[in-house]
Amino acid sequence: MKTVLILNGPNLNLLGTREPAVYGHQTLADVEALCLSACAAHNFKLDFRQSNHEGVLIDAIHEAGRAQTAGTLAGVVLNAGAYTHTSIAIMDAIKGSGVTLIELHISNVHAREAFRHHSYISPVAKAVMAGFGVKGYALAIGALADISQA
Ligand code: DQA
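All of the points below concern the structure found in this document. Note that the structure is a prediction, hence the values are computed from the model and not measured.

1. A short note on the environment of Ile90
Part 1: Within the secondary structure, Ile90 is located in helix α4 (residues 88–97).
Part 2: The class of Ile90 is buried, set by a relative accessible area of 0%.
Part 3: Considering only alpha carbons, one finds Ile90 and Val124, 34 residues apart in sequence, at a separation of 9.9 Å.
Part 4: When sequence neighbours within four positions are dropped, the list of residues in contact with Ile90 reads Glu54, Leu57, Ile58, Ile61, Leu78, Tyr83 and Ile121.

Written out as structure tokens, the structure is:
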């Protein structure tokens, strides 16, 4: 059984209380529970993480690349938060690790401020999902199941 890594970046630990009109009322623990059932439905193990620190996210991406090469990981779903719009280092980590990665945003970043329209991650991601709310995490896990069977 392969693992899916769900990696959440800065401020996503505040889900539930952070700008609920944009991100909804569900907490990060609720998102983890949702991912657990989506993973069970697709026969995946779940590795669910959150960090406010760029280097920790980069280390996790490198680790995921090694796990995918070893055949134990199906891919990564990354919500890099604001690092999406700023981090060349995370882009380089994704490219360098060669890991299969879906970029995810809870909100529709393209319907928001102009500075959220650019992503350093999109050019190195397998696919991009935005605007489905926290349900997007389950949809992305389903997409990884499709991709890894192809
Ligand atoms: C976000 C969108 C980003 O622009 C923002 O900085 C976040 C969350 C989202 O999930 O919609 O922290 O990635």
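2. Quick word on the site of the ligand
Part 1: With respect to spatial proximity, the complete set of residues near the ligand consists of Arg18, Tyr23, Asn79, Gly81, Ala82, His85, His105, Ile106, Ser107, Val109 and Arg116.
Part 2: Taking a 2 Å distance to the grid points as the criterion, the majority of the atoms of the ligand fall inside the largest pocket.
Part 3: A breakdown of the residues in the shell around the ligand according to their chemical character gives four nonpolar, five polar and two charged.

3. Notes on the sheet that holds strand β4 (residues 101–105)
Adjacent strands of a sheet form backbone hydrogen bonds with each other and so pair up, either parallel or antiparallel.
Part 1: Overall, parallel pairing links the five strands, which are arranged β2-β1-β3-β4-β5 in an open sheet. Each edge of the open sheet is held by one strand with a lone partner, namely β2 (45–50) and β5 (127–130). If you compare each strand with its neighbour and ignore which way they point, the axes differ by 20 degrees on average.
Part 2: As paired elements, strand β3 (residues 73–79) and β4 share three bridges and run parallel to each other. Of the residues in β4, the one forming a bridge with Val76 is Leu101.
Part 3: Along the sheet face, helix α3 (residues 54–70) touches β1 (3–8), β2 and β3 and points at about 160 degrees away from the line of β3.

4. Description of α3
Because each turn of an α-helix spans 3.6 residues, side chains separated by three or four positions end up pointing in the same direction.
Part 1: Helix length check: α3, at 17 residues, gives a terminal C-alpha distance of 25 Å against a target of 24 Å (1.5 Å per residue), a fit within 8%.
Part 2: The inward-facing, buried residues of α3 contact β1, β2, β3 and α4.
Part 3: Looking at the residues trailing α3, positive phi occurs at Gly71, about 90 degrees.

5. A closer look at the nonpolar core
Part 1: Residues Val4, Ile6, Ile106, Tyr137 and Ile141 are the most contacted members of the largest nonpolar core, which totals 25 residues.
Part 2: Mapped onto this core, the elements with two or more residues apiece are β1, α2 (28–41), β3, β4 and α5 (135–149).
Part 3: It is α2 that provides the largest number of residues to this core, a total of six residues.
Part 4: Those residues in contact with Ile106 that lie beyond four places of it in its chain are Leu12, Leu15, Tyr23, Asn79, Gly131, Phe132, Gly133, Val134 and Tyr137.
Part 5: Grouped together as the second largest cluster of nonpolar side chains are 22 residues, Leu57, Val76, Ala80 and Val99 included.

6. Brief notes about the packing of α3 against α4
Part 1: Remark: α3 packs on α4, axes separated minimally by 9 Å, with the N-to-C direction vectors making an angle of 10 degrees. With respect to α4, the element α3 is oriented roughly parallel. In this structure, α3 contributes Glu54, Leu57, Ile58, Ile61, His62 and Gly65 to the contact, and α4 contributes Ala89, Ile90, Ala93, Ile94 and Ser97.
Part 2: Among the residues forming the contact of α3 with α4, the class breakdown is seven nonpolar, three polar and one charged.

7. Examining the packing of α2 against α5
Part 1: For the pair α2 and α5, the least separation of the axes is 9 Å and the interaxial angle reads 25 degrees. Compared by their axis directions, α2 and α5 come out roughly parallel. For the element pair α2 and α5, the recorded crossing hand is right-handed. Residue-level inspection shows Val31, Leu34, Cys35, Ala38 and Cys39 of α2 in contact with α5, the latter providing Tyr137, Ala138 and Ile141.
Part 2: In terms of residue class, the contact of α2 with α5 is made up of eight nonpolar, no polar and no charged.

Thresholds applied
- Residues numbered from 1 in each chain as written.
- Predicted model: local features only at pLDDT ≥ 70, side-chain atom pairs only at ≥ 80, totals over all residues.
- Heavy atoms only, no water.
- Helix = DSSP H or I, 4+ residues; strand = E, 2+ residues; numbered from the N terminus.
- Buried < 20%, exposed > 50% of the residue type's maximum accessible area, 1.4 Å probe, protein only.
- Contact = heavy atoms within 4.5 Å.
- Near = heavy atom within 4 Å.
- 1 Å grid on protein atoms, 1.4 Å probe; cavity = no way out; pocket = protein on both sides within 12 Å on 5 of 7 lines; lining within 4 Å.
- Sits in = over half its atoms within 2 Å of the grid points.
- Nonpolar A, V, L, I, M, F, W, Y, C, P; charged D, E, K, R; others polar.
- Pairing = 2+ DSSP bridges.
- Axes fitted to C-alpha atoms, helices over the stretch in contact; angles between N-to-C directions.
- Expected span 1.5 Å × (residues − 1).
- Core = buried A, V, L, I, M, F, W, Y, C linked by side-chain atoms within 4.5 Å.
- Parallel < 35°, antiparallel > 145°, perpendicular 65-115°, else oblique.
- Left-handed = near helix turned anticlockwise from the far one by under 90°.

That is the geometry; function is a separate question.
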